[in-house]
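# Coordinates in review
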Amino acid sequence: MGSLFRSEEMALCQLFLQSEAAYACVSELGELGLVQFRDLNPDVNAFQRKFVNEVRRCDEMERKLRYLEKEIKKDGIPMLDTGESPEAPQPREMIDLEATFEKLENELREVNQNAEALKRNYLELTELKHILRKTQVFFDEQEGGLNHTTESMTRALITDEVRTAGASMGPVQLGFMEKSIEREDYLPCFVAGVISREKLPAFERMLWRACRGNVFLRQAMIESPLEDPTNGDQVYKSVFIIFFQGDQLKTRVKKICEGFRATLYPCPEAPADRREMAMGVMTRIEDLNTVLGQTQDHRHRVLVAAAKNLKNWFVKVRKIKAIYHTLNLFNLDVTQKCLIAECWVPLLDFETIQLALRRGTERSGSSVPPILNRMQTFENPPTYNRTNKFTKAFQALIDAYGVASYREMNPAPYTIITFPFLFAVMFGDIGHGAIMALFGLWMIRKEKGLAAQKTDNEIWNIFFGGRYIIFLMGVFSMYTGLIYNDIFSKSLNIFGSHWHLSYNKSTVFNNKYLQLSPATSDYEGTPYPFGMDPIWQVATSNKIVFQNAYKMKISIIFGVLHMIFGVIMSWHNHTYFRNRLSLIYEFIPQLVFLLLLFFYMVLLMFIKWNRYAATNALPFTESCAPSILITFIDMVLFNKPKTPPKDCETVYMFWGQHFIQIVFVLIALGCIPVMLLGKPMKIMQARKLANEEVQPITGTDAEVGGMSNGGAGGGGGGHHDEEEMSEIFIHQGIHTIEYVLGSVSHTASYLRLWALSLAHAQLAEVLWTMVLSIGLRKEDWTGGIFLTVVFAFWAILTVGILVLMEGLSAFLHTLRLHWVEFQSKFYLGQGYAFQPFSFDSIIENGGASSGDAD
């Protein structure tokens, strides 16, 4: 748990590996996931590195696997995923994997090409079958002597304007002439084919305009859709037959058909030839169906066999690629026999990493052990916080604001308690909290199965990743719901009310101005054992007034305590980094400023609750209780004390309050120049002393000595030693202004706890009054049916609005209170995350970690 409060101690190490053992050692480190390698060849192009050919071979294998995966998904074949992660193959196994993938890809491509050719042939035969079947009707009309319909059907394609314009051109001669005329020039020609149904109207118009009406078109729809062999889409088509005369029209018609992508087929004129062709077509279609079925079965068998190993193949290839990509970060020594690497490692895992390197050396059969040396460096190490499935989500909330600086105090362990608690203050309701807690508990109980599904739904992944946060927020909301005594806007009477009303039932339910007064005999004088007394539900007049005052004050109390805790956290940072100047001139005045102003205001609230009551005698009755807000404003502005109310002795709560408040404000104001000038002045003084110490040295040595001592003689100045004094003053001024003004604004910001709690309670009451209570008013047999419908509607609104929308709103406000009001007191968040070379993260991200850098 030590690394949970601060990040792990890191060390920069130099690693020497024999060339023949480098692959196995890096493989072991990848399985371990505790080493972050640095690029020792930043100026070398990615295509000029030593292992670029191996990375390219892995890219090619990945491409083939993605092709197989696409074909497997196209057929809906399930891919076996055992959840196990096979070890990275040896380099010599790459050749076997490449041969296997090459064979599978070639076989599958050949099968697909054959299947596509067969499907194209099948489509042509099917279209020809429909042509022979549909055109039989057209030829029956010809043989039956229906020539008188030809001209009328053709003129249906002519617009009124064309018909009027062509009236003087004489009768239209289309189709067949009189049967008695048998000259060859008048014998009709025809073409038959298939065209997409959506192109048919435009096709008809083009034929009419291009051929000047000297064609006769008949068409019939194909009822069932046909499969496009190229992409597998279902296409609706129509059969057409075009009658015309002359070779010139024949050429023109064929060009138009070609332009509209219509497919032309031979169609004999003689009925016997058509029947013979149709029988041949049907026979060939049956044969093609058999061959297509066998082809699909073979393709399916190939894909099923590949699907069993596809996941493991992906893991192996990505591991190989990640290893060679990592090896490209290494340097070669002069002899070309040793690889040199630099890496960040956690100190606690130093021995574990050495054991992994030893295992890799033994696997490779190398006789030279690897060497891991710790290096001295002035670089900032990466930040590494160990997490488990419980703390991971809370750490992610902190890292979203900014990764902690190295060894800085980590807010995550404190956030585990404060985050769900502040959320619950705004969301306090037993019922709504129970819904949220049950949802989180369900995800926790089923987490293994849900995690194995690996869905791409981003919203679900966010919910599932924060399942422990959701569960804790629900549990804490149930607790604060018990404090508020609120369950779906109603109260629980567990211990029995400590009030005894003297009103009758009709007065309680009908009088909108009914108030509860503890000064009367209705109150027993002892408070409710836990939480609020349920009697406040009937106090319609002063219920909100009472709850507002209560929730507003606890919001300020929690806020001030939260900020004080944040300032105390900065003390841990200053003492750990031995930053004496920041401890004296930042932490102490900040804490004093916060305590003497805002914590004093919190103390006034407790004094007021303790000294003043409705049952007390003058001058400590409720009418003499001073306003905390007015008292605080008068204190800061040094206002003279006002006249006390009638029958009250004074406006102060205790003796000497006015003098103490003046002293507190003066001390708090005195802290501001200390925060503003203390640290910069001490840094300037330390630099001046360092320069005076090197004055006896003359010439060039004095300048060199002055620079050398100035770099290390900051006396706790830390990183400020290299800054200009003007920048230090400006930075300190901004920091001081931000803290002083932020203390006021941040305290007021915690009032969102009161505002959202009030809004949540009122929304719940509105839903009960306006929705569910309507269903409870019906008393006859229809009331049950009506109540069922109303309850369903109320439940949907409760979950959708009060749990989801209000829960999201409270979550975002809680996040802001932690990021801005709490963490700004001590958390810099200027570090960078530790990103170890880990096979698990590479495989989880789909190879993106290794692929992006290539």
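Going by the structure above, here's the rest.
Each value, and the rule that gives it
Residues numbered from 1 in each chain as written. Predicted model: local features only at pLDDT ≥ 70, side-chain atom pairs only at ≥ 80, totals over all residues. Heavy atoms only, no water. Salt bridge = Lys/Arg side-chain N within 4 Å of Asp/Glu carboxyl O. Helix = DSSP H or I, 4+ residues; strand = E, 2+ residues; numbered from the N terminus. Buried < 20%, exposed > 50% of the residue type's maximum accessible area, 1.4 Å probe, protein only. Axes fitted to C-alpha atoms, helices over the stretch in contact; angles between N-to-C directions. Parallel < 35°, antiparallel > 145°, perpendicular 65-115°, else oblique. Contact = heavy atoms within 4.5 Å. Nonpolar A, V, L, I, M, F, W, Y, C, P; charged D, E, K, R; others polar. Phe/Tyr/Trp six-rings, centres within 6.5 Å; stacked < 30°, edge-to-face > 60°. Lys NZ or Arg CZ within 6 Å of the ring centre and 35° of its normal. Pairing = 2+ DSSP bridges.

Further remarks concern the pattern of salt bridges. Tallying each qualifying case throughout the model produces 29 salt bridges. Across the salt bridge formed by Arg-63 and Glu-105, the nearest N and O atoms sit 3.1 Å from each other. Placement of Arg-63 in helix α3 (residues 52-74) and of Glu-105 in helix α4 (residues 93-143) is noted, with a sequence separation of 42 residues between them. For Glu-105, a relative accessible area of 5% corresponds to the buried category. With a closest N to O distance of 2.8 Å, Glu-127 and Lys-237 form a salt bridge. Of this pair, Glu-127 sits in helix α4 while Lys-237 sits in strand β7 (residues 237-244), and the two are 110 residues apart along the sequence. The pair Glu-127 / Lys-237 is uniform in exposure class, with both members buried. A single salt-bridge network, built from bridges that share partners, covers Asp-59, Glu-62, Arg-318 and Lys-321.

The next point concerns the packing of helix α12 (residues 412-427) against helix α24 (residues 752-776). As a packed pair, α12 and α24 sit with axes 6 Å apart at the nearest point and diverge in direction by 45°. Compared by their axis directions, α12 and α24 come out oblique. Residues Leu-422, Val-425, Met-426 and Phe-427 of α12 touch α24, and the partners they reach there are Arg-752, Leu-753, Leu-756, Ser-757 and His-760. In the contact of α12 with α24, the residues fall into six nonpolar, two polar and one charged.

Here the distance between the centres and the angle between the planes together describe a pair of aromatic rings. Using the criterion set out here, one finds 41 aromatic pairs in the structure. Ring geometry for Phe-101 against Trp-313: centres 5.2 Å apart, planes inclined by 65°, an arrangement best described as edge-to-face. Placement of the pair is Phe-101 in helix α4 and Trp-313 in helix α9 (residues 271-327), with a sequence separation of 212 residues. Across the pair, exposure class does not vary: Phe-101 and Trp-313 are buried alike. Pairing Phe-203 with Phe-260 gives two aromatic rings, centres 5.5 Å apart and planes at 70°, and the pair type is edge-to-face. With Phe-203 in helix α7 (residues 200-210) and Phe-260 in the loop between α8 (247-259) and β8 (263-265), this residue pair connects regions lying 57 residues apart in the sequence. Residue Phe-203 shares its accessibility class with Phe-260, and that shared class is buried. Taking the ring centre of Tyr-67 as reference, the NZ or CZ of Arg-109 above it sits at 4.2 Å. The residue whose ring lies beneath Lys-778 is Phe-786, and the NZ or CZ to ring-centre distance is 5.5 Å.

What follows deals with the pairing of strand β3 (residues 189-196). In terms of residue burial, β3 counts as a mostly covered element, since seven of its eight residues are buried. Relative to β7, β3 is paired through eight bridges, and the arrangement is antiparallel. By the bridge assignment, Ile-195 is partnered in β7 with Ser-238. In the sheet, β3 pairs with β8 via three bridges, with the strands oriented antiparallel. If you follow Val-194 over to β8, its bridge partner there is Thr-263.

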